[in-house]
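Examination of the molecular architecture
Each chain is listed here by its residues.
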Amino acid sequence: DYRTFERFAYPIYWLCAALLVAVLFVGTIAKGSQRWLAFGPVTIQPSELVKLAVVIALARYFHRNRQAGGYGLLDLVRPLAIIGIPFLLVLKQPDLGTAMLIALIGGTTLLFVNVRLKSVLTMAVAGLTAMLVAWRFLLHDYQRMRVKTFLDPEMDPLNSGYQAIQSKIAVASGGPFGKGFLHGTQTQLNFLPEQQT
């Protein structure tokens, strides 16, 4: 029942935020990032849970705090904090891709509420400026390379673009009906290193 999610929206959000904080202190390190929490035999990635938590928390906020004339910038301080806290915690792991996805999820949600046009334009300009500053001064070389190969995997086909290229081959080689369960050539011949992604 959606009313249950509304009632527990903020506790769910803060639990997920607490799990993100816990990752920074006791998280499992793998492949250069500290993103997972181990609970016995079960390992979870809190950044995946927080994607839903942000949507639920924003839905509750906008449902309970409706503005007849539309939301101005001051009205959006709390929603932007709901997006910003997990964004920064995930960015600290470091997981730029998931952090950007959280920002995109939150930003998309803002587009579906009655935000004043002036506020939308101000946030867009601020966001673009922040992206340019981050690109120039905050991102590491490997992060810039990942963004570039996300946009064009062919520019580094044997290194950072390899997974994306092999994934496309795996999907395309299956055709409309696939090759059958566990019969994909890219996975069977180990061309696709991170099959689950």
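**Some remarks on helix α8 (residues 162-173)**
Its twelve residues place the ends of α8 16 Å apart at the C-alpha level, agreeing with the 16 Å of an ideal helix rising 1.5 Å per residue. Of all the positions in α8, only Q163, I165 and Q166 are classed as buried. Taken end-on, α8 shows its buried residues confined to a sector of 165°, consistent with a single buried face. Exposed residues pointing more than 90 degrees away from the buried face of α8 are listed as K168, V171 and A172. Lining the buried residues of α8 we find α9 (185-188). Following α8 by one or two positions, G175 has its phi on the positive side, about 65°.

**Regarding the nonpolar core**
Core analysis: the largest hydrophobic core is formed by 21 residues, its most contacted members being Y13, V50, V54, L58, F62, L76 and I82. When neighbours within four sequence positions are excluded, L58 is seen to be in contact with P79, I82, I83, G106 and T109.

**Description of the pattern of salt bridges**
Across all of its chains, the model carries five salt bridges by this definition. Note that R35 is salt-bridged to D95, the shortest N-O span being 3.7 Å. Within this pair, whereas R35 is found in strand β2 (residues 33-39), its partner D95 is found in the loop between α4 (77-91) and α5 (96-111), the two being separated by 60 residues in sequence. Each of the two residues, R35 as well as D95, counts as buried. K51 is the partner of E48 in a salt bridge, and the nearest nitrogen-oxygen pair spans 2.9 Å. Of this pair, E48 and K51 both sit in helix α3 (residues 46-64), three residues apart, which is roughly one turn of that helix. Relative accessible area serves as the criterion here: at 37%, E48 is assigned to the partly exposed category.

**Brief notes about the packing of helix α6 (residues 117-138) against helix α7 (residues 141-151)**
For any two helices packed against each other, one specifies the inter-axial angle together with the distance between the axes. Relative to each other, α6 and α7 sit at 130°, their axes nearing to 9 Å. Comparing the axis directions of α6 and α7 gives the class oblique. Two secondary-structure elements touch here, α6 through W135, R136 and L138 and α7 through Q143, R144, V147 and K148. Here the residues of the contact of α6 with α7 sort into three nonpolar, one polar and three charged.

Calculation notes
Starting afresh in each chain, residues are numbered from 1 along the sequence in its written order. For this predicted model, a pLDDT threshold of at least 70 governs which residues receive local features, and a threshold of 80 or more governs which side-chain atom pairs are given and counted, while totals over whole chains, interfaces and linings are taken from all residues. Side-chain measures here rest on the full set of heavy atoms in the structure, leaving out hydrogens and waters. By definition, any uninterrupted DSSP run of H or I lasting at least four residues is a helix, any uninterrupted run of E lasting at least two residues is a strand, and each is numbered from the N terminus. By this rule the span expected of a helix is its residue count minus one, scaled by 1.5 Å. Working definition: with a 1.4 Å probe on protein chains only, accessible area under 20% of the residue-type maximum means buried, over 50% means exposed, and in between means partly exposed. The arc in question is the one spanned by the directions pointing from the helix axis to the C-beta atoms. Contact criterion: two residues are considered in contact whenever any of their non-hydrogen atoms come within 4.5 Å of each other. What is meant by a nonpolar core is a set of buried Ala, Val, Leu, Ile, Met, Phe, Trp, Tyr and Cys residues, joined one to another through side-chain atoms within 4.5 Å. Throughout this description, the term salt bridge denotes a Lys or Arg side-chain nitrogen within 4 Å of a carboxyl oxygen of Asp or Glu. Every axis corresponds to a line fitted to the C-alpha atoms, with the helix fit spanning only the stretch in contact, and the corresponding angles, defined between N-to-C directions, vary from 0 to 180 degrees. Oblique is the label for every angle not falling under 35 degrees (roughly parallel), over 145 degrees (roughly antiparallel), or within 65 to 115 degrees (roughly perpendicular). Note that Gly is not counted as nonpolar here; it falls among the polar residues with everything else outside the nonpolar set of Ala, Val, Leu, Ile, Met, Phe, Trp, Tyr, Cys and Pro and the charged set of Asp, Glu, Lys and Arg.

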